[in-house]
Amino acid sequence: MRVKEIKAIFMSSFTYLLIVVLAIFVGSNASIVNAQTGPEIRLVLQITVDGLRGDLLNRYQAGFGKDGFRYLMKKGIVYTNAQYQHANTETIVGHTTLATGTFPSQHGMIGNVWFDREAGELSYNIEDADAPLLPTREESVKGEQLDPSQKLSRTQGRSPRVILAPTFSDGLAAYYGGRSKIFGISGKDRSAVAMAGQTGKAFWFSTDTGDYVTSTYYYDAYPKWVSDWNGQRLAENYAGKKWELADDISTYLLGGQDDRPYEVDLKGYGRVFPHPFGELGDKLFYTRLFVSPVNNRLLLDFSKTLVKNENLGQDAIPDYLAISFSAVDAINHFFGPSSLENEEVVRQLDRNLADLFRFIDKTVGLKHTLIVLSADHGMADMPEYMTELGFAAGRFDPDDIVVSANKVGKQFGIDEVVRFFFRPYLYLDDEKIAAINLDQAMIEQAIASALTDAKGITLAVAGSSLATQKGNPLLKSVRRNNHVSRSGNIYVIQEPYWFLFEKGPIAVMHGSPWRYDTHVPIIFAGPGIKTQTVHRLVHPVDVAPTIAAFMGMTPPAAAQGKALQEVLR
Ligand SMILES: [Zn+2]
């Protein structure tokens, strides 16, 4: 053999060896990357508990089992001091913030309701006449709508078209080339639609029929499994039944205060246990189910049916399921967050979650599931209750806001300068102001100053002054809530424990920038996540970027939050 040949053989073996070594290196490196970023997670399960104020899990912990909330607290990272940073802490605002990782100024969901300046009337956040509701039944009794914002919807059609920022779930769709299955489901339409994003499918509960429904934005016809689920008419089983306490009353922290005069009786539902649902055909029957743990129980059953029939989490392409439980919020609105009803629904939800986690473990495997739990806002106690405890609290009649703003308008020679007030925004008649040839910002500022002087109002902020005003930290939260065409001219902030509405069909409201409304839990649990309690101040805008980072993806397009380092391995 000539030297040249030996050299050639040596070189080719060397090249071969190099290729093998490289392959091993690249291979192992690839598997490390995979382990960090994705395929082991087959399902992202994002749970939102509507209206679960940040302190309630602590308050009711003694009544929890070990497999629900406690499972998350034991296995996960619990952020005890998560605060929303936008001013109008309402359902669509919170859900969209969780989903997109950005603020209402960017995602455009500035409130459950805003004034449509062009049409001259109020609009409901996700209403869309071009995406009609897909009917589930030929005939149904039209239920009485008690949700004060949903009631204002001009159409039953729903879609995410007005949401101006992509969600984490949209990012997942893009990353996996449309192969991830994405669903958002909830008792409430707005919660399901916000979480599903533009690319997912949404289903929500109808208080007209007790069915889970969707719109033509998502489907042309119901998938068979949904029709079959609705066909069981599970909700009807509760006709003539009552919501009763599941455990002995002595085991509840709030067992001694069931009967409080300022709770609202839903036409026969009563203020004390047991609460009768009424009969089928009663216009409030499905609404009463909605205002009870049955709401969450039906959603739990629907979500299991979905996971099974859509085969979620069965392969290496991760799927996404957002479940938003609405009952805690619904009950809070009628009975308050310091009611026995509130304690009972959170205790029942704890059992629902234990059931859900067992089911997910069997079907997908908890070792393949990233669980994220948070809430869309907190909740205020009713002013009457706070007054009883010694707080300075009260209700502010919204008509008074209109009257005092119009009085200022008069001083400038404008008759009825207010076009509309819907908390928290005051909309002025821009045309009338333009006609008198005075500086609009100056007039807005004069009205804002007059409103700020009223008892029960902390601050009224003119939108035109937001860019230049500094100092008061509340201004930042108003700015983050400000969308140029949807927000009103003036943002009105009540004092702590004050409400900007009179007692009506509901007793209690959230929506302020105060801590009882901004404080929510954030918990992450899943493979590789080490148990930890974090007391650092964090924000719900951090949630979507954190999930994205955990999955090795780019944050949602408009995200402004930061990935939470404790969650990332
Ligand atoms: Zn809500």
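Everything numeric in this text was worked out from a predicted model, so none of it was measured.

S.K.: Mind laying out the sheet that holds strand 16 (residues 490-494), listing which residues take part and the relevant values?
M.R.: Pairing is antiparallel in the open sheet, where four strands are placed in the order 13-14-16-15. Taken across any chain shown, the strands that pair with only one partner, and hence form the sheet edges, are strand 13 (418-422) and strand 15 (457-462). Across the sheet, the mean angle separating the axes of adjacent strands is 20° when strand polarity is ignored. Taken together, the five bridges between strand 15 and strand 16 define a ladder with antiparallel strand orientation. Residue Ile-457 lies in a different strand from strand 16, and its bridge partner there is Gln-494. Sitting on the sheet, helix 14 (residues 398-411) touches strand 13, strand 14 (425-428) and strand 16, and the angle it makes with strand 13 is about 155°. Against the sheet, helix 16 (residues 440-452) makes contact with strand 14, strand 15 and strand 16, and its axis sits at roughly 175° relative to strand 15, the strand it touches most.

S.K.: Before we move on, can you summarise the sheet that holds strand 2 (residues 77-83) with the specific residues and values?
M.R.: One open sheet accounts for nine strands, arranged 7-6-5-10-1-11-18-2-19; its pairing is mixed. Each end of this open sheet is capped by a strand with a single partner; those strands are strand 7 (212-213) and strand 19 (532-534). In this sheet, strand 7 lies alongside strand 6 (residues 201-205) in antiparallel orientation, the contact comprising two bridges. Residue pairing across strands places Phe-205 opposite Tyr-212, the latter belonging to strand 7. Of the strands in this sheet, strand 1 (43-49), strand 5 (182-186) and strand 10 (319-325) are in contact with helix 6 (residues 168-175), which crosses strand 10 at around 165°.

S.K.: Can you break down the pairing of strand 10 residue by residue, with the values?
M.R.: When you tally the buried positions in strand 10, you get seven out of seven residues, the bulk of the element. What you see with strand 10 is no split at all: Asp-319, Leu-321, Ile-323 and Phe-325 on one side and Tyr-320, Ala-322 and Ser-324 on the other are buried throughout. Examined bridge by bridge, strand 1 and strand 10 share seven bridges and lie parallel to one another. Across the sheet, Gln-46 pairs through a bridge with Ala-322, a residue of strand 10. As paired elements, strand 5 and strand 10 share five bridges and run parallel to each other. What sits directly across from Ser-186, in strand 10, is Ser-324.

S.K.: Summarise the pattern of salt bridges; cite the residues concerned and give the values.
M.R.: Here the structure, examined in full by the defined rule, presents 27 salt bridges. One salt bridge connects Arg-347 with Asp-247, and the closest N-O pair in it is separated by 2.8 Å. Placement of the pair is Arg-347 in helix 12 (residues 340-363) and Asp-247 in the loop between strand 8 (242-243) and strand 9 (275-276), with a sequence separation of 100 residues. The shortest N-O distance in the salt bridge between Asp-259 and Arg-271 comes to 2.8 Å. Note that Asp-259 is positioned in the loop between strand 8 and strand 9 and Arg-271 in the loop between strand 8 and strand 9, a separation of 12 residues in sequence. Judged by its relative accessible area of 30%, Arg-271 falls in the partly exposed class. Connected through shared salt-bridge partners, Asp-116, Glu-121, Glu-127 and Arg-154 make up one network.

Rules used throughout
Residues numbered from 1 in each chain as written. Predicted model: local features only at pLDDT ≥ 70, side-chain atom pairs only at ≥ 80, totals over all residues. Heavy atoms only, no water. Pairing = 2+ DSSP bridges. Helix = DSSP H or I, 4+ residues; strand = E, 2+ residues; numbered from the N terminus. Axes fitted to C-alpha atoms, helices over the stretch in contact; angles between N-to-C directions. Contact = heavy atoms within 4.5 Å. Buried < 20%, exposed > 50% of the residue type's maximum accessible area, 1.4 Å probe, protein only. Salt bridge = Lys/Arg side-chain N within 4 Å of Asp/Glu carboxyl O.

Any link to function would need more than the numbers given here.
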